Amino acid sequence: MTRYSAPTLTLLLLLSATEARSQTSDIFVPNEVRSAYENGTRSEDGNPGPNYWQNGADYEMHIRFDPVSGELIGSETITYRNESPDSLRSLVLKLMPNLFKRGSARDGAIAPEDAGAGVTLTAVTLNGESLNPAPGGDRVNHFMNGNIVAIRGPVAPGSTTTLSIDWHQMVNRGSHGRSGGVDSTSWFNAYFFPRIAVRDDIDGWDSSPHLGTAEFYNDFGDFDVTIEVPQDYVVWATGLLQNPEEVLVSEIASRYRAALESDGMVHIVDPAALEAGGITAVAPGGTNSWRFRAEYVPDFAFAVSDHYLWDASSLVVDPATGRRVLIDAAYNPESADFYEVAEVARNSIDYMSREFPGVPFPYPQETVFNGLSEMEFPMMVNDVSVEDRQYMISLTSHEIFHTYFPFWMGINEIKYAWMDEGWATFGDYFITNRLYTEEPLRLFGMDMFEAEAGGWNDLPIMAGSGQGKSPAYFFASYPKPAFFYLMLRDMWGEDRFREVIQEFLRRWNGKHPTPWDFFNTLEDETGDSLGWLIRPWFFDYGTADLVLGDVFREGDTWRIEVVRVGANPVPIDIAVTWADDRETELHEPVSVWREGAGSHVIEVPAHGEIRQVVLGNDITPDANPADNRYPPEVP
Ligand SMILES: [Zn+2]
């Protein structure tokens, strides 16, 4: 009853013994992180160090947006705080809309009609001094086709700098990557304003241009934004609307006010209101100015439409204080799935606040706007309409889950996309399986990953998740880290796992955690060395591959051997079918591989003869599932 002849098995065991090493925490620590420990900006126990610093900027903006032409004219005053101990020669700005500038480098194609002049800076004022904003100006230096602009300082340590910028650009409408035109009069506008890049204690200035794949790495700040649009348009944005009575007719404004206090769903703009028109206030100049404020967020986005429905409700997310979150959906009446989105969003936020991560939703509002993307922004989501209800729930909950990672946690997604996509994948898996019970959802992306597991694109998570647009990036950012989190939860139990992750959130919310801060916190909180698990999954080449070895009976016990061929440890799941059709399911958490063993034997009391043994399940990836059965399938 042996699956393998003895020589083959010996060889496999030898191979596994070399691949699997004993446990320690000695994962690779790059010099940049070692320096942070030495400088005291980060601690080796996973806490921010005594000398931790972080810069930030507040943005006061006035935006004029023409939804017919797509022209956006902006004026902003940025108040930048240099909290670092360093004197800065320059301030580095990112002009992200230049993704669409003719000749800019980018990860993917854009519609030819969107390639244009990009951002034109018309005025730059630094601490009251007017500078020449054009390329070639003596203190405003344009790099990388204007995607990066450096404004010469100096900026003293501990100082506050005021930078005012006037600019304009045409917003993309043919290639809706994450933002841009949705239909002839609906838009989702993100990455739309000149902003100061992050300068942190690990890498200094992040002067990488926005290429289209990497999503966010931003400092935190307060936003006070006025958006001026033609009077028939409604505006939704990051932050709470400050002046509903000025921009909405009184009946609609009172519905909005009611939603702020209502557990039930309020149809602020229902089909009857759309049909009757007269939703927004009539303005003498033909435009309304919508004012939004958001505190301590890493980004700002807004959306407009003149023909969308609008549902809203609110939810007490923190019973201790009674704090409510406004949750709404704005959508095209043709989008059949969207009539339920506000309710799904509400249930998702309830799950996040109470169950996992079990931290009250950290912002006062969340809007899901019916655009053409699958994309999160602080307090805003841009989601395409989908036909499949399970997918709609998964998509809605996934994008909202990003509120915690990367927005509340300030993650550098340009380098470590796994630190937020893995969590959003993990979160939407549990929420979707709670809200949609007709069929179980597998981890998002797991099917695609399993088909390529053990191949070239199966890179260590740390190597893959900064790879730009590629399957390796996708696997390393979504299903693999989500599965890693599932393994921790399985190994520690749900409650302990939640406590550990809550501690990570407590330590680093509003800051910029690195992967080492995360790993160190896991070890510090559990008192456990996790190098045996972290190293193979995050740093070493290798894959997840278990093989069903010997299956044999000794008296009243069956012994089932599982051989670890792949270096990446995974939990063991076995389904035994007995001769009388009874079934026994066996499970071992990933910790069975802690000591680096190459094989593991599971004993099960005999219920007579075994008809079939199947190793693995729908949760755990396996690079070669063909060798997971007893008796073996005959090819
Ligand atoms: Zn995501």
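Conventions we followed
Residues numbered from 1 in each chain as written. Predicted model: local features only at pLDDT ≥ 70, side-chain atom pairs only at ≥ 80, totals over all residues. Heavy atoms only, no water. Donors = N, O, S within 2.8 Å, 3.2 Å for Na, K, Ca; no water. Buried < 20%, exposed > 50% of the residue type's maximum accessible area, 1.4 Å probe, protein only. Axes fitted to C-alpha atoms, helices over the stretch in contact; angles between N-to-C directions. Helix = DSSP H or I, 4+ residues; strand = E, 2+ residues; numbered from the N terminus. Left-handed = near helix turned anticlockwise from the far one by under 90°. Contact = heavy atoms within 4.5 Å. Nonpolar A, V, L, I, M, F, W, Y, C, P; charged D, E, K, R; others polar. Phe/Tyr/Trp six-rings, centres within 6.5 Å; stacked < 30°, edge-to-face > 60°. Pairing = 2+ DSSP bridges. Parallel < 35°, antiparallel > 145°, perpendicular 65-115°, else oblique. Patch = residues over 30% accessible without salt bridge, like charges linked within 9 Å, V, L, I, M, F, W, Y side chains within 5 Å. Areas by Shrake-Rupley, 256 points an atom, 1.4 Å probe, with all protein chains shown as cover. Salt bridge = Lys/Arg side-chain N within 4 Å of Asp/Glu carboxyl O. Lys, Arg positive; Asp, Glu negative; His and termini not counted. Charge placed at Lys NZ, Arg CZ, Asp CG, Glu CD.

Q: Help me understand the coordination of the zinc ion in this model?
A: By definition of the ideal shapes, four donors in a tetrahedron about a metal sit 109.5 degrees apart, and six donors in an octahedron sit 90 or 180 degrees apart. Around the zinc ion, the protein contributes the donor atoms His398 (NE2), His402 (NE2) and Glu421 (OE), which lie 2.0 to 2.1 Å from the metal centre. In primary sequence terms, the donor set of the zinc ion follows H-x3-H-x18-E. Judged by its relative accessible area of 6%, His398 is buried. With relative accessibility at 0%, the residue His402 sits in the buried group.

Q: In this structure, what is going on with the packing of helix H9 (residues 418–435) against helix H13 (residues 479–492)? I would like to understand it.
A: The geometry of a pair of packed helices is captured by two quantities: the angle between their axes and the separation between those axes. Two elements in contact, H9 and H13, have axes separated by 7 Å at closest approach and are oriented at 65 degrees. Remark: the crossing between H9 and H13 carries right-handed chirality. Residues Trp418, Met419, Gly422, Trp423, Thr425, Phe426, Tyr429 and Phe430 of H9 pack against Pro481, Ala482, Tyr485, Leu486 and Arg489 of H13. Of the residues assigned to the contact of H9 with H13, the class counts are ten nonpolar, two polar and one charged.

Q: Could you clarify how one ought to interpret the packing of aromatic side chains in this entry?
A: Note on aromatic pairs: each is described by the distance of the centres and the angle between the planes. Scanning the model with the defined rule gives 60 aromatic pairs in all. Between Phe220 and Tyr296 the ring centres are 4.7 Å apart and the planes differ by 10 degrees, which places this aromatic pair in the stacked class. Taken together, the residues span a long stretch of sequence, with Phe220 in the loop between strand S13 (204–205) and strand S14 (221–230) and Tyr296 in strand S18 (residues 287–297) at a distance of 76 residues. The buried category is assigned to Phe220, whose relative accessible area is 2%.

Q: Help me understand the environment of Thr120, please; the structure alone is not making it clear to me.
A: You can see Thr120 is positioned in strand S4 (residues 120–126). Distance from Thr120 to Ile73, taken between C-alpha atoms, is 9.7 Å for residues 47 residues apart in sequence.

Q: Looking at this structure, I do not really get the pairing of strand S8 (residues 160–170). What am I missing?
A: Look at any regular strand and the pattern is simple: side chains alternate between the two faces of the sheet. Only one face of S8 is buried: it carries Thr161, Leu163, Ile165, Trp167 and Gln169, and the other face, with Thr160, Thr162, Ser164, Asp166, His168 and Met170, is open. When S4 meets S8, the two strands line up antiparallel, connected through six bridges. Bridging from a neighbouring strand, Leu121 pairs with Trp167 of S8.

Q: Sorry if this is basic, but what is going on with the packing of helix H15 (residues 515–526) against helix H16 (residues 531–539) here?
A: The interhelical angle for the contact between H15 and H16, taken along N-to-C directions, is 160 degrees, at an axis separation of 12 Å. Viewed along their axes, H15 and H16 adopt a mutual orientation that is roughly antiparallel. For the crossing formed where H15 meets H16, the hand is right-handed. Residues Trp516, Phe519 and Glu523 of H15 lie in contact with H16, whose contacting residues are Gly531, Ile534, Phe538 and Phe539. Counted by class, the contact of H15 with H16 contains five nonpolar, one polar and one charged residues.

Q: What exactly am I supposed to notice about the sheet that holds strand S26 (residues 557–564) here?
A: In any sheet, the strands associate via hydrogen bonds between backbone groups, in a parallel or an antiparallel arrangement. Here three strands make up an open sheet; going across it, the order is S25-S26-S29 and the pairing antiparallel. The open sheet is flanked by strand S25 (546–554) and strand S29 (599–605), the only strands paired with a single partner. Put simply, the sheet's adjacent strands are angled 20 degrees from each other on average, direction ignored. With seven bridges joining them, S26 and S29 adopt antiparallel strand pairing. Residue pairing for S29: Ile560 is matched across the bridge by Ile602.

Q: What is the right way to read a negative patch on the surface from this model?
A: Side chains of Glu387, Asp388, Glu438 and Glu439 sit close together on the surface and give a patch of like negative charge. By the element assignment, Glu387 lies in the loop between strand S24 (380–383) and helix H7 (389–401).

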